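Listed below, chain by chain, are the residues.
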Amino acid sequence: MVESTTTMSKDDIPSLMTAAHQNGYGEAFDVLTLAYEVPVPRQLSSNQILVRVYAASINPIDWKLLNGNLSLIIRPSFPHIPGKDVAGVVVNVGSSVKRLKIGDQVYGNVHNDEGAYAEYVRGKESQFALKPSNLTMIEAAAIPLACETSYQALFIKTSPSVGPKSKVFICGGASATGWFAIQMAKAVGAHVATTCSQGNVSLMEKLGYKIIQEANEMTDDPQQLLVIDYNNKNFGEVLQDQNYDLVYDCVGGEQQWLAARRILKRGGQFITIAGDDPEASISLNTVFTLGPRVLSRKLGSVFGSSHHSYMFHMISTSYSELDHMRTAYFGKGK
Ligand SMILES: NC(=O)c1ccc[n+]([C@@H]2O[C@H](COP(=O)([O-])OP(=O)(O)OC[C@H]3O[C@@H](n4cnc5c(N)ncnc54)[C@H](OP(=O)(O)O)[C@@H]3O)[C@@H](O)[C@H]2O)c1
């Protein structure tokens, strides 16, 4: 279903809007309010666009920023409009914007700039791409951050890039990032295995692959997806010495790395997007404890004391990747 959107002229853009306001660090109920007379960010730099928001989604980074876990490195001034992932319609463009135009339906991730939980959001043209036309605004708003992160991990940060015959293990297949990663890896013909809780095996079945839960049932059938219930089994034990090319960690915690080392081939890659501390409570204590541990893994992989490479991947936004995700995957119903 594609919902109808109204075309606005620049003159129709109001001066005030409703937006969520974060007034400090803490639980959502304590620090979030709805503000009704917030100035619409109508002034645009030459490379910016103004988007009327139809849908915005919530990612773990939103609550990590809300409760102050990341306040050592990202410090918004309050009140702050939260939210990153968004889908909507372009209502104005800066003077050097060429790719997008007023009336375009777009999706994007405004990164750490301005918040999407508002009626209008301003962002750089480069943070947005045309929305897949076969998806609703709500569906499209759920894509950018999670899908682009996984796209980059599988196809840009992994060398050689994931392709047919790659053996890929995804920690956390029921997470948004894991869910997209499974589908993109399968779409290019990779052999994929993943972890999730038993309760989410039915979610995996909705993907349409042949779900197996026992490693000894694995064949060369590209339609198979091995799902391991992480509450009952350690994937490192189940798949010991199975020579995986890549373990993509969407869960975090040291145990993912320890288990991954048992299943990776010599020279295989471990890419985490959550690191050792999934809560990302970055404090001076974390810097002094987790920092050296992660650094030694990284150095070990560079200087050869470890047989596997270790990488912490942080998303960088790119419209061309959002475009490619639309044409290569969502537009083709993959
Ligand atoms: N570095 C970056 O640029 C970047 C970008 C995006 C996200 N992230 C981070 O990556 C992580 C995942 O993000 P997301 O949006 O995909 O999260 P999400 O959708 O909120 O994922 C939550 C899911 O993780 C699963 N899970 C929890 N513990 C697990 C375990 N031990 N083993 C397997 N699955 C487990 C749970 O599934 P079950 O119900 O099956 O247990 C839960 O449904 C977050 O920490 C997020 O902050 C980082």
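Scroll up to find the structure this text is about.
Thresholds, definitions, all that
Residues numbered from 1 in each chain as written. Predicted model: local features only at pLDDT ≥ 70, side-chain atom pairs only at ≥ 80, totals over all residues. Heavy atoms only, no water. Pairing = 2+ DSSP bridges. Helix = DSSP H or I, 4+ residues; strand = E, 2+ residues; numbered from the N terminus. Axes fitted to C-alpha atoms, helices over the stretch in contact; angles between N-to-C directions. Contact = heavy atoms within 4.5 Å. Phe/Tyr/Trp six-rings, centres within 6.5 Å; stacked < 30°, edge-to-face > 60°. Buried < 20%, exposed > 50% of the residue type's maximum accessible area, 1.4 Å probe, protein only. Lys NZ or Arg CZ within 6 Å of the ring centre and 35° of its normal.

Trainee: Any chance you could break down the sheet that holds strand S7 (residues 128–130) for me, citing the residues and the numbers?
Mentor: The 5 strands lie next to each other as S6-S3-S4-S5-S7, forming an open sheet whose pairing is antiparallel. Each edge of the open sheet carries a strand with a single partner, namely strand S6 (120–124) and S7. Each strand axis lies, on average, 45 degrees off the axis of its neighbour in the sheet, ignoring direction. Pairing between strand S3 (residues 48–57) and S6: 5 bridges, direction antiparallel. The residue of S6 that forms the bridge with Arg52 is Tyr120. Packing of helix H4 (residues 144–155) onto the sheet brings it into contact with strand S4 (85–93) and strand S5 (105–109), and relative to S5 it is tilted by some 65 degrees. Helix-sheet contacts for helix H10 (residues 319–328) involve S5 and S7, and the interaxial angle to S7 is about 30 degrees.

Trainee: Outline the packing of aromatic side chains, listing residues and values.
Mentor: One pass over the full model with this rule turns up 9 aromatic pairs. Note on Trp257 and Tyr310: the rings are 5.1 Å apart at their centroids and 85 degrees apart in plane angle, and the pair reads as edge-to-face. Pair noted here: Trp257 is in helix H8 (residues 254–263) and Tyr310 is in strand S14 (residues 309–312), with a separation of 53 residues, a long-range link. A residue is classified by how much of its surface remains accessible, and Tyr310, at 2% relative accessible area, is buried. An aromatic cluster is present here, built from Tyr151, Phe155 and Tyr329 joined pairwise through their rings. Above the face of the Tyr319 ring, Arg99 is positioned so that its terminal group lies 3.6 Å from the ring centre. The ring of Tyr209 carries Lys186 above its face, with NZ or CZ at 5.3 Å from the centroid.

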